Amino acid sequence: MATTGIHHVTAIAGNARRNLEFYTRTLGLRLVKKTVNFDDPGTYHFYFGDAQGSPGTIITFFPWSHVASGRLGTGETQETALRVPEAALGFWLERFVAMGVSHEPVATRFGARTLPFRDPDGMALALVAVPGAESEPAWSDGSVPEEFAIRGIHGVTLLLAEAGATAKILADVLGFAEERTEGAVTRLRSPDTQIGGIVDLRAVGGFPRGRSGGGSVHHIAFRAADDAAQAEMVRKLETAFGIRPTPQKDRTYFRSVYFREPGGVLFEIATDAPGFAVDELPAHLGEALKLPAFLEARRAEIAARLPELGDTA
Ligand code: ZN
């Protein structure tokens, strides 16, 4: 069983309803949790993923209605790639044309056919055709046939001035191993998972720093098997790198620490447990507005302030 790799990617969106519609109806992911930003409960926090919201399949959003668009630069995630079976790429290309999804021609990267596209907020995403992905479990509600459905995160590309220090943390602390370099991109791979197993570091030197906003990735979360594994990662960050992560925060569905890696990207280390079925039955994930215990007393006030989702949820 995998104990390393990407746990989830969290990004910033604008309109909540548009975000929800795109990830469920266009991309066919499951809404596995509808909650609020624990630090800003006037904002939704949507979690999309596979049937269970397995680590490595989760992409999450804070939709802020009036957020300004981000501007890509160093210290940021440049692209989030999702896995699909090889035979699915034609289906997705046709679907993006039919649904007016902004996309680029299919390209080959690290030997894999890749379809880059953008979500309605301009977030850079890609579908990567992966041999054998058809045998991985997939969620389907019927809008995307199961044989073509997204199989979770493939990897992320980080845009950095310089890749060395970031690569060292990924290798020494987070369980990745350097695989190979293609042009300006160094690929690191988790040895024990396919899903969420790749981090590409694109070193670009003196490129301007990014400005976070709509369409930007807020942070990348990496997996820790349990609290002890997370504590060991924190110890290594402190002793070998002089980086002191935040105290552990209870995010209800996992327990997390956060730190900014030397290249400027916000990293999180999240435990696999307890998962998304902790407060909802697996068959009903994402159906009700879920609040952490400390916000439950304010439910009526919070629910009244949240934006309208129409018939999407
Ligand atoms: Zn997170």
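Everything below is about the structure printed above this text.
Fair warning: this is a prediction, and the values are worked out from it, not measured in the lab.

Caption draft 1: Quick look at the sheet that holds strand β9 (residues 153–160). With respect to topology, 8 strands assemble into an open sheet ordered β6-β7-β8-β5-β9-β12-β11-β10, the strand pairing being mixed. The open sheet is flanked by β6 (107–109) and β10 (177–182), the only strands paired with a single partner. Taken over all neighbouring pairs, the strand axes of this sheet differ in orientation by 30 degrees on average, direction set aside. Pairing between β9 and strand β12 (residues 198–203): 6 bridges, direction parallel. Within the sheet, the bridge partner assigned to L160 lies in β12 and is A203. Packed onto the sheet, helix α2 (residues 89–99) meets β5 (76–85), β7 (112–118) and β8 (124–130) and runs at close to 20 degrees relative to β7.

Caption draft 2: Highlighting the pattern of salt bridges. Taken as a whole and assessed by the stated rule, the structure comprises 17 salt bridges. Between R17 and E21 there is a salt bridge, with its nearest N and O atoms 3.5 Å apart. Taken together, the residues R17 and E21, both in helix α1 (residues 16–26) and 4 residues apart, mark about one turn of the helix. On the accessibility criterion, E21 (26% relative accessible area) is partly exposed. Beyond isolated ion pairs, a larger network of salt bridges with shared partners links K33, D279 and E280.

Caption draft 3: Geometry of the coordination of the zinc ion. Distances from the zinc ion to its protein donors, namely H8 (NE2), H219 (NE2) and E268 (OE), fall within the range 2.0 Å. Mapped onto the sequence, the residues coordinating the zinc ion show the spacing H-x210-H-x48-E. You can see H8 sitting in strand β1 (residues 6–13) and its partner H219 sitting in strand β13 (residues 217–224), a full 211 residues away along the chain.

Caption draft 4: Molecular detail of unusual backbone geometry. For the peptide bond that leads from A273 to P274, omega is 5 degrees, which places it in the cis range. Within the secondary structure, P274 is located in the loop between β16 (266–271) and α5 (293–296). With a phi close to 50 degrees, F110 is a non-glycine residue in the positive phi region. With respect to the element layout, F110 can be found in the loop between β6 and β7. A positive phi angle is found at T252, which is not glycine, with a value near 70 degrees. With respect to the helices, strands and loops of the structure, T252 is situated in the loop between β14 (249–250) and β15 (255–260).

Basis of the calculations
- Residues take numbers from 1 onward in each chain, read along the sequence in its written order.
- For a predicted model such as this one, the threshold for reporting local features is a pLDDT of at least 70, and the threshold for listing and counting side-chain atom pairs is 80 or more; totals across whole chains, interfaces and linings nevertheless cover every residue.
- Heavy atoms throughout the structure, all of them, feed into the side-chain values; hydrogens and water do not.
- Two strands form a pair only when DSSP identifies at least two bridges running between them.
- To qualify as a helix, a DSSP run of H or I must reach at least 4 residues; to qualify as a strand, a run of E must reach at least 2; elements of each kind are numbered from the N terminus.
- An axis is simply a line fitted to the C-alpha atoms; with a helix, the fit covers only the stretch in contact. Between two such axes, the angle follows the N-to-C directions and lies from 0 to 180 degrees.
- It only takes one pair of heavy atoms within 4.5 Å for two residues to be counted as in contact.
- Any carboxyl oxygen of Asp or Glu within 4 Å of a side-chain nitrogen of Lys or Arg constitutes a salt bridge here.
- Relative accessibility thresholds used throughout: buried, under 20% of the residue-type maximum; exposed, over 50%; partly exposed, between the two (1.4 Å probe, protein chains only).
- Coordinating donors are taken as N, O and S atoms within 2.8 Å of the metal, stretched to 3.2 Å for Na, K and Ca; because water is absent from the atoms, sites can appear incomplete.

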